[in-house]
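Okay, here's what each chain looks like letter by letter:
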Amino acid sequence: MTTISGFIDSILSGAIPETEVPHYLGVISSEVRRLSRLVSSLLDITKIQAGERKFTKTPFDVCEMAREIIISNEQRLEEKHLDVRFEVDEDNMYVSADRDAIHQVLYNLCDNAIKFSDEGGKYIVSVKNISAAKTEVSVYNDGEGISAEDLPLVFDRFYKSDRSRGLDKTGAGLGLYICRTIIEAHKEKIKVESEYGKWVKFSFTLPRKDVPKLKEDKRSTEIK
């Protein structure tokens, strides 16, 4: 808000040359959008914590969701020449959760992984059944990773490491906090692992949902 106010006052007073006004209007526009995202995130957190955002659990294919997110980021992945890998136990794996909320979590983790990946590094999205009742979704990327001192803090509200402040000037340090809030509201777990200077992996669990397979219609194969 201080940045916006300062630039507007400078434009109105004539302190900024007319030729440079479009540039500073662009900066103001960018800051307004950033504030809008911040307010939206804070409202989202408040609703979740107050119990006003209701989560509707339905069965959905989390593998298909992951594929859609990877495809939607195809251009960014190619620009950084990332070695993209998609590892799943089965082509279709169903979980029971609020689909929109989990999409928000997974998209955020995938987005961060691209943002903080080393050029040409590995980028791995995986979906694994870790027990008869649980599925684990994880997102891995090669990169500087997270220091041991920062690891316990990454899910805290407004937390941003020194490196992320430099690489992500549009963020407010709320994305991972919202991820944790959503996963914990589902009574599930989210964690981060990292080897500083090499890699980082975020993982969260979801309850498995077995979807009955349709029985094959044998009539179509009968010889008349």
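Our subject is the structure listed above.
Conventions and cut-offs
Residues numbered from 1 in each chain as written. Predicted model: local features only at pLDDT ≥ 70, side-chain atom pairs only at ≥ 80, totals over all residues. Heavy atoms only, no water. Phe/Tyr/Trp six-rings, centres within 6.5 Å; stacked < 30°, edge-to-face > 60°. Helix = DSSP H or I, 4+ residues; strand = E, 2+ residues; numbered from the N terminus. Buried < 20%, exposed > 50% of the residue type's maximum accessible area, 1.4 Å probe, protein only. Contact = heavy atoms within 4.5 Å. Pairing = 2+ DSSP bridges. Axes fitted to C-alpha atoms, helices over the stretch in contact; angles between N-to-C directions. Parallel < 35°, antiparallel > 145°, perpendicular 65-115°, else oblique. Left-handed = near helix turned anticlockwise from the far one by under 90°.

(A) Expanded view of the packing of aromatic side chains. Evaluated as defined, the whole model comprises three aromatic pairs. Aromatic pair Tyr 140 and Trp 199: ring centres 5.8 Å apart, planes at 25°, arrangement stacked. Placement of Tyr 140 in strand 5 (residues 134-142) and of Trp 199 in strand 7 (residues 199-207) is noted, with a sequence separation of 59 residues between them. Judged by relative accessible area, Trp 199 falls into the partly exposed class, the value being 23%.

(B) Representation of unusual backbone geometry in the model. The phi torsion at His 81 lies on the positive side, around 55°, for a residue other than glycine. Positionally, His 81 belongs in the loop between helix 4 (74-79) and strand 2 (83-88). The phi angle at Lys 187 is positive, at roughly 60°, despite the residue not being glycine. Looking at the secondary structure, you find Lys 187 in the loop between helix 7 (175-185) and strand 6 (190-195).

(C) Structural context of the side chain of Asn 73. Relative to the assigned elements, Asn 73 resides in the loop between helix 3 (62-72) and helix 4. If we skip the residues at most four places from it in the chain, Asn 73 touches Tyr 107 and Ile 114.

(D) Structural context of helix 7. Among the residues of helix 7, Leu 176, Tyr 177, Ile 178, Cys 179, Thr 181, Ile 182 and Ile 183 are the ones counted as buried. Here the buried face of helix 7 lies against helix 2 (21-50), helix 5 (99-115), strand 6 and strand 7. The first or second residue beyond helix 7 is Lys 187, which carries a positive phi of 60°.

(E) Expanded view of the sheet that holds strand 4 (residues 122-129). Taken in spatial order, the five strands make up an open sheet running 2-4-5-7-6, and their pairing is mixed. This sheet does not close on itself; its edge strands, each paired only once, are strand 2 and strand 6. Across this sheet, the average inter-strand angle for adjacent strands is 10°, counted without regard to direction. The pairing of strand 2 with strand 4 spans six bridges and is parallel.

(F) Here's a closer look at the packing of helix 2 against helix 7. It is at 11 Å that the axes of helix 2 and helix 7 come closest, and there the two elements cross at 20°. Here helix 2 is positioned roughly parallel relative to helix 7, judged by the angle of their axes. In terms of crossing hand, the pair formed by helix 2 and helix 7 is left-handed. The residues of helix 7 that touch helix 2, namely those facing Ser 41, Asp 44, Ile 45, Ile 48 and Gln 49, are Tyr 177, Ile 178, Thr 181, Ile 182 and Ala 185.

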